[in-house]
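Now for the letters of each chain:
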Amino acid sequence: MQGRLGQDQDPMAYAIYLMSGVLIWNACSNVMTRTTVVYTQKTELIRKLPISLWWLPIYILISESVVYLVSLCFLGIILLVFHRWPMEGFGWLALAMIELLLCAYAIGLILATLQVFMPDIQAMLAIALQFGFWMTPIVYVINILPVSIQHLVDCNPFYWGLQAIHGVISQTAPVRWEPLLWLMMLILALIGLGRYLFVRYYLGHQGVRLRRRHFHHRRYYCRQVRHQVRHLAYRLSVHLFH
């Protein structure tokens with residue numbers, strides 16, 4: 001594998017390549033998984049506190065980002081010890097990390113809305129993540145794949161950002177800005193779709209519930225008014241005829 005990386009003489013080349021990929025994948029998969037089930041797991045909190053449901057999952061993105069940054073610091077210590085600290089490209093590294101985390105968060109928002117109505121989404125996501133892990137060059141190098149499969153992997157949005165991370169940390173290839181631009185456009189489209197689904201289904205469902213509740217309250221109020229009128233009429237009849 002080190003030969004495929006183009007660094008035959010460096011015994012740490014593949015280990016650094018592997019760690020840089022696994023860390024960002026774990027962070028993104030955790031963001032996606034936790035965001036998907038946030039509305040079903042925080043039901044009691046949602047009922048008790050007047051919080052914005054759209055911004056509720058943001059704490060997951062923040063917490064997982066902090067955990068990832070701490071893990072990245074330990075990786076940086078390893079790079080310093082083995083004299084593999086990258087001399088440039090930190091801006092590309094930060095941009096790629098932010099975009100990948102935001103992409104996972106946007107997908108999680110879409111699935112969180114659907115999870116409320118389709119509980120099987122969580123199980124399907126676990127299978128999709130396993131499939132996506134092996135379809136992304138994390139534990140292997142893309143050069144070992146046939147050319148036809150390489151074109152298929154190029155359509156993987158996670159690989160667009162992973163290329164930049166590998167290019168900076170592992171120094172396997174120069175960073176290209178085109179995949180990061182496409183990834184940013186995809187993130188905006190996913191967030192827009194997530195907002196549409198949230199307003200269309202979740203808030204629409206809440207509106208139906210509120211209208212039903214208002215209808216029941218109005219019917220109860222009318223029933224109470226009729227009861228009071230009947231009671232007043234009875235008292236008047238008693239007073240007049242007795």
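Everything numeric in this text was worked out from a predicted model, so none of it was measured.

Student: Is there a simple way to think about the overall build of the protein in this case?
Tutor: Secondary structure summary: the protein contains ten helices and zero strands in total. If you list the helices and strands of the protein from N to C, you get α-α-α-α-α-α-α-α-α-α. Expressed as a percentage of contacts within the protein between residues at least 6 apart in sequence, the contacts between residues at least 24 apart total 74%. With an accessible surface of roughly 15100 Å², the protein has 67% of that area assigned to carbon and sulfur atoms.

Student: What should I look at first to understand the packing of helix α6 (residues 90-117) against helix α7 (residues 121-134) in this one?
Tutor: How two helices pack is summed up by the angle between their axes together with the distance between the axes. Taken N-terminus to C-terminus, the directions of α6 and α7 make an angle of 140 degrees; their axes are 9 Å apart at the nearest point. Taken as axis vectors, α6 and α7 run oblique relative to one another. For the pair α6 and α7, the contacting residues are Leu111, Leu114 and Gln115 in the first and Ile121, Gln122 and Leu125 in the second. Split into classes, the residues belonging to the contact of α6 with α7 amount to four nonpolar, two polar and no charged.

Student: Would you take a moment to explain helix α5 (residues 58-81) for this structure?
Tutor: Because the α-helix completes a turn every 3.6 residues, residues three or four places apart line up on one side. For α5, spanning 24 residues, the distance from its first C-alpha to its last is 35 Å, which sits close to the expected 34 Å at 1.5 Å a residue. Those residues of α5 not exposed but buried are Ile60, Leu61, Glu64, Ser65, Tyr68, Leu72, Leu75, Gly76 and Leu79. Of the surrounding secondary structure, the elements contacted by the buried residues of α5 are α2 (13-36), α3 (38-41), α6 and α9 (157-170). Of the residues one or two after α5, His83 is the one with positive phi, at around 55 degrees.

Student: Honestly, the pattern of salt bridges in this entry has me stumped. Any pointers?
Tutor: Close approach of charged atoms allows side chains with opposite charge to pair. Inspection of every chain in the model, using the stated rule, returns one salt bridge. Note that Arg34 and Glu64 form a salt bridge whose closest N and O atoms lie 2.8 Å from each other. A residue pair is termed long-range when its members are at least 10 positions apart, and Arg34 in helix α2 and Glu64 in helix α5 qualify at 30 residues.

Rules and cut-offs
- Residues numbered from 1 in each chain as written.
- Predicted model: local features only at pLDDT ≥ 70, side-chain atom pairs only at ≥ 80, totals over all residues.
- Heavy atoms only, no water.
- Helix = DSSP H or I, 4+ residues; strand = E, 2+ residues; numbered from the N terminus.
- Contact = heavy atoms within 4.5 Å.
- Areas by Shrake-Rupley, 256 points an atom, 1.4 Å probe, with all protein chains shown as cover.
- Axes fitted to C-alpha atoms, helices over the stretch in contact; angles between N-to-C directions.
- Parallel < 35°, antiparallel > 145°, perpendicular 65-115°, else oblique.
- Nonpolar A, V, L, I, M, F, W, Y, C, P; charged D, E, K, R; others polar.
- Expected span 1.5 Å × (residues − 1).
- Buried < 20%, exposed > 50% of the residue type's maximum accessible area, 1.4 Å probe, protein only.
- Salt bridge = Lys/Arg side-chain N within 4 Å of Asp/Glu carboxyl O.

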